[in-house]
Amino acid sequence: MSLLEIKDLQVRVDDREILHGLSLTVNEGEIHAIMGPNGSGKSTLSHVIAGKPGYEVTGGEILFRGEDLLEMDPDERAAKGVFLAFQYPVEIPGVVTMNFLRTAYNAQRKARGESELMAPEFLKKVREVAKRLGIPQDMLKRGVNVGFSGGEKKRNEILQMALFEPSLCILDEMDSGLDIDALRIAADGVNALRSPGRAMVVITHYQRLLNYIIPDVVHVMSKGRVVKSGGKELALELEASGYAQFDEAALTAA
Amino acid sequence: MNVVLTKTETQRPASDVFAGVRDRLPGRGKAAEAREQAFAAFERAGLPHRRLEDWKYTDLRALMRDVLPLAAAPDKNALERAEAALASLPAVDAVRVVLVDGAFAPTLSNLGGMETGVRVQTLREALEDGNHADLLSNGSEPGAMIALNAAMATDGLVITVADRVAIAKPLHIAHVATRGSTASFTRSFLTIGKAAQATLLESFVAAEGTKSYQVNDVISVSVGDDAEVQHVRLMDDGADATNITTAVFSVGAKARLTTFNMTSGGILSRYQGHLTFSGEGAEVNANGVNLLNGRQHADTTLFLDHAVPHCMSREVFRSVVDDRAQSVFQGRIIVRPHAQKTDAKMMTRALLLSDEAEADNKPELEIFADDVTCGHGATTGALDESLLFYLRARGLPEKEAEALLIQAFVGEAIEAIASDGLRELTVTIARAWLERRG
Ligand SMILES: Nc1ncnc2c1ncn2[C@@H]1O[C@H](COP(=O)(O)OP(=O)(O)O)[C@@H](O)[C@H]1O
Ligand SMILES: [Mg+2]
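Bear in mind that the values here come from a model prediction, so they are computed numbers and not experimental data. (Residues numbered from 1 in each chain as written. Chains lettered and ligands numbered in written order. Predicted model: local features only at pLDDT ≥ 70, side-chain atom pairs only at ≥ 80, totals over all residues. Heavy atoms only, no water.)

**Student:** I tried to follow helix 6 (residues 180-192) of chain A on my own but got confused; where do I start?
**Tutor:** Count 3.6 residues to each turn of an α-helix, and residues three or four apart come out pointing the same way. Residue and element names in this part refer to chain A. Between its first and last C-alpha, helix 6 extends 18 Å over 13 residues, near the 18 Å set by a 1.5 Å rise per residue. Among the residues making up helix 6, those that are buried are A182, L183, A186, A187, G189 and V190. Looking straight down helix 6, one finds its buried side chains confined to an arc of 155°; they lie on one side. Residues of helix 6 that are exposed and point over 90 degrees away from its buried face: D181 and A192. For helix 6, the secondary structure elements touched by its buried residues are helix 5 (150-164), strand 9 (168-172) and strand 10 (199-204). Capping of helix 6 at its N-terminal end is provided by D179; its side-chain oxygen lies 3.1 Å from the backbone amide nitrogen of D181. (Helix = DSSP H or I, 4+ residues; strand = E, 2+ residues; numbered from the N terminus. Expected span 1.5 Å × (residues − 1). Buried < 20%, exposed > 50% of the residue type's maximum accessible area, 1.4 Å probe, protein only. Arc of directions from axis to C-beta. Contact = heavy atoms within 4.5 Å. Polar contact = N/O pair within 3.5 Å; in protein donor to acceptor, adjacent residues only side chain to side chain.)

**Student:** Explain the site of ligand 1 to me, please; I cannot follow it from the model alone.
**Tutor:** Residues and elements named next belong to chain A. Near ligand 1, the surroundings consist of V13, D14, R16, I18, P37, N38, G39, S40, G41, K42, S43 and T44. Backbone polar atom of G39 to an oxygen atom of ligand 1: 2.8 Å apart, as the coordinates give it. Take G41: an N or O atom from its main chain is 3.1 Å from an oxygen atom of ligand 1. Out of a free accessible area of 550 Å², ligand 1 has 64% covered by protein chains. Per-element accounting of the shell around ligand 1 gives the leading share, 3 residues, to helix 1 (residues 42-50). Looking at the shell around ligand 1 residue by residue, the class counts come to 3 nonpolar, 6 polar and 3 charged. (Near = heavy atom within 4 Å. Areas by Shrake-Rupley, 256 points an atom, 1.4 Å probe, with all protein chains shown as cover. Nonpolar A, V, L, I, M, F, W, Y, C, P; charged D, E, K, R; others polar.)

**Student:** Teacher, can you tell me more about the coordination of the magnesium ion (ligand 2) here?
**Tutor:** Octahedral metals with six donors have ideal donor angles of 90 or 180 degrees. Tetrahedral metals with four donors have an ideal donor angle of 109.5 degrees. All names here are of chain A. For the magnesium ion (ligand 2), every protein donor is listed as S43 (OG) and Q87 (OE1), and the spread of their distances is 2.1 to 2.4 Å. Of this pair, S43 sits in helix 1 while Q87 sits in the loop between strand 6 (82-85) and strand 7 (92-96), placing them 44 residues apart in sequence. Residue S43 is classed as partly exposed on the basis of its relative accessible area, which comes to 21%. Residue classification places Q87 among the buried positions, given a relative accessible area of 16%. (Donors = N, O, S within 2.8 Å, 3.2 Å for Na, K, Ca; no water.)

**Student:** How do you make sense of unusual backbone geometry when you look at a structure like this?
**Tutor:** Positive phi, normally seen in glycine, also occurs at E165 of chain A, with a value near 50°. Mapping E165 of chain A onto the fold places it in the loop between helix 5 and strand 9.

**Student:** Teacher, can you tell me more about the pattern of salt bridges here?
**Tutor:** Opposite charge on two side chains allows them to pair when their charged atoms are near. Scanning the model with the defined rule gives 34 salt bridges over all chains in all. E28 of chain A is the partner of R65 of chain A in a salt bridge, and the nearest nitrogen-oxygen pair spans 2.9 Å. Separated by 37 residues along the polypeptide, R65 of chain A in the loop between strand 4 (56-64) and strand 5 (67-68) and E28 of chain A in the loop between strand 2 (16-26) and strand 3 (31-35) bring together distant segments of the chain. Residue classification places R65 of chain A among the partly exposed residues on the basis of a relative accessible area of 36%. Ionic contacts of the salt-bridge type, sharing partners, join the residues D73 and D75 of chain A together with R392 of chain B into one network. (Salt bridge = Lys/Arg side-chain N within 4 Å of Asp/Glu carboxyl O.)

**Student:** I'm lost on the environment of F42 of chain B in this one. Help?
**Tutor:** Residues and elements named next belong to chain B. If you trace the backbone, F42 turns up in helix 3 (residues 30-45). Put simply, F42 and L365 are 323 residues apart on the chain and 29 Å apart in space, counted from C-alpha to C-alpha. Apart from residues no more than four positions distant in its own chain, F42 is found in contact with A14, L47, V67, A144, M145, A147 and L148.

**Student:** In this structure, what is going on with the side chain of R233 of chain B? I would like to understand it.
**Tutor:** Residues and elements named next belong to chain B. Of note, R233 is situated in strand 9 (residues 228-235). With no salt bridge to any partner, buried R233 finds its closest opposite charge in E202, at an N-O distance of 4.6 Å. Of note is the side chain of R233, whose polar atom sits 2.8 Å from the side chain of T245. (Lys, Arg positive; Asp, Glu negative; His and termini not counted.)

**Student:** Would you mind showing me how to read the interface of chain A and chain B here?
**Tutor:** A common measure of how large an interface is: the accessible area buried when the components associate. Contacts between the two partners involve 30 residues from chain A, matched on the other side by 15 residues from chain B. Summed over both sides, the interface of chain A with chain B buries roughly 1900 Å², with 70% coming from carbon and sulfur. Among the residues chain A hides against chain B, the three largest losses belong to D75, F86 and V90 of chain A. Together they make up 26% of the total. Joining chain A to chain B, the criterion identifies 3 salt bridges. A salt bridge links D73 of chain A to R392 of chain B, with the nearest nitrogen and oxygen atoms 3.7 Å apart. At the junction of chain A and chain B, the tally comes to 7 residue pairs in polar contact (both at pLDDT 80 or more). If you list the elements that add at least two residues to the side of chain A that touches chain B, you get helix 2 (74-80), strand 6, strand 7, helix 3 (97-111) and helix 5 of chain A. Ranked by residue count, the leading element in the side of chain A that touches chain B is helix 3 of chain A, at 6 residues. Residue composition of the side of chain A that touches chain B, by class: 18 nonpolar, 7 polar and 5 charged. (Buried area = accessible area lost by both parts, 1.4 Å probe.)

Quick look at the structure:
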């Protein structure tokens, strides 16, 4: 059974169809890249997988380990191992990062029927991972993402990914707004989490990120569909020739 | 027959209630005269109603309707129930004075270990032995409800802290109601000497199963020059109780006062604070939180009088309103003509958790001096969907995600409480409210 199976997914926002029958299959241990121009529906796809309200699924299905993901609340999906690293992580003033991490972690464990991890143990774990990612300890005492730079926000997402140990990680434009050093730290963090039991979907506009996180499969998305899939060389091809050819392909397919 | 009798019993007009108890109220001579005058003042005005500007959101004639009979002094059973109610509160390390149904309960109070220089007397003693009729006068603070309190007050605390004395532990005045369908009237005074330090906690709760009672409390706090005072009031009265409280503060030169009120209980309440700067260079934080659901109606009305120059005030008010509840915040700041260099800011924010919830905000700044920094702001809104989704995508169930955001929201008002113990107590009670919400 595949880890994630998306079949002919159709999604509307405000009565406008954004995804027009998208299909995608991801197996355990695989790294998939989804590339596509702005507005092609990449973030929409990631939001629908995570369960963000406001999207109407008018057709198709999403199966996670064979279960109907669309029937689950966002928190259920998280507890089952779906993790979305947001393109734009929000700031949550007044909710201390460390407290948030512990509450979220224990909520997931509770939902899975596992025992909650006590504070000192958890603190130790967070500190270790934070150190590895070069996240200063005092950031953990601040409100979630409040006053964080773009790079710090992205690292905070990867910190959570490392703590929660999801089986499916969706990284939405992890490279946006990062300089080359920040990008390298973030990519190293992601690469450290590669494992046979974990799959990743790396969404990006640019080929650059894929020099650091080497994918097994590359998909090209255009106008709400996957229009081409191939090996990692497809990313380089795109870098050279641009997206225009695929826009044409999407149009003729439509 | 019985039913009819009971009905007339509980709906007797206030004049009958007063006539029935006046001879048993503490204090003779001047004190008794002061009560008569106060009651006459109340009768002339009657219960406040919506045509009075100050009460336009909280019409007591419509909402409270009448004054219930005075609660009888607590008996053994009442004291036992009160004790159980107190035991169910989160523990706080404080010197505790307990008022049960408006009467001092010595067996539940622990005044041991009080510093020298601190004097604690009950209002009853002060009126009966000391003949302090002035304790029943209302000074410059008019209003029908405070007049009614003067007429009916049965007990309270009269506390004085001598100059330069610092009280280590908070002083806790705990109000407990045990008798349903009755009213209690309490009146307390706290006089803090020059350069003294004190922390006052007030709490209002009901013994299990106490229904439909009324509380009318007056607290008067005088903060001496250079003194530091923290005041935390936690009103968590029974679900169908009425609580009308007037708090009067006078703040001396270079004094610092933090006063915080949280209303989470009662079906109908009004907390009216009246604060006057009486000496230059003082700083005040007057914060508050309303946590309301069901059909609760809670009104916080604060009046800050910048009567002298060079004082600073900060007001942070947060209300969280669910179901069909209604929250009212009226904040009035007056800056008198010679009160130059006044620095006054007031910010009120309401969070509506249901479509039928209501929050009324009425900030008013009246500035008569020209060299001042003053500002106010008011917002009303719902929980931010994108924040909620972020938390849920991290595994928090809906109610828990909401609770975390609500706690952060009210935290902006709670954080001004400097005492760790009292801040934690406040957070615990706010959390309990969130858990009750389900
Ligand atoms: N909440 C929304 N309301 C209306 N239109 C939206 C919303 N979110 C996305 N869209 C539209 O859907 C299309 C795809 O957007 P998005 O998924 O963000 O693309 P990408 O991430 O590939 O840049 C765009 O045309 C965008 O304007
Ligand atoms: Mg996007």
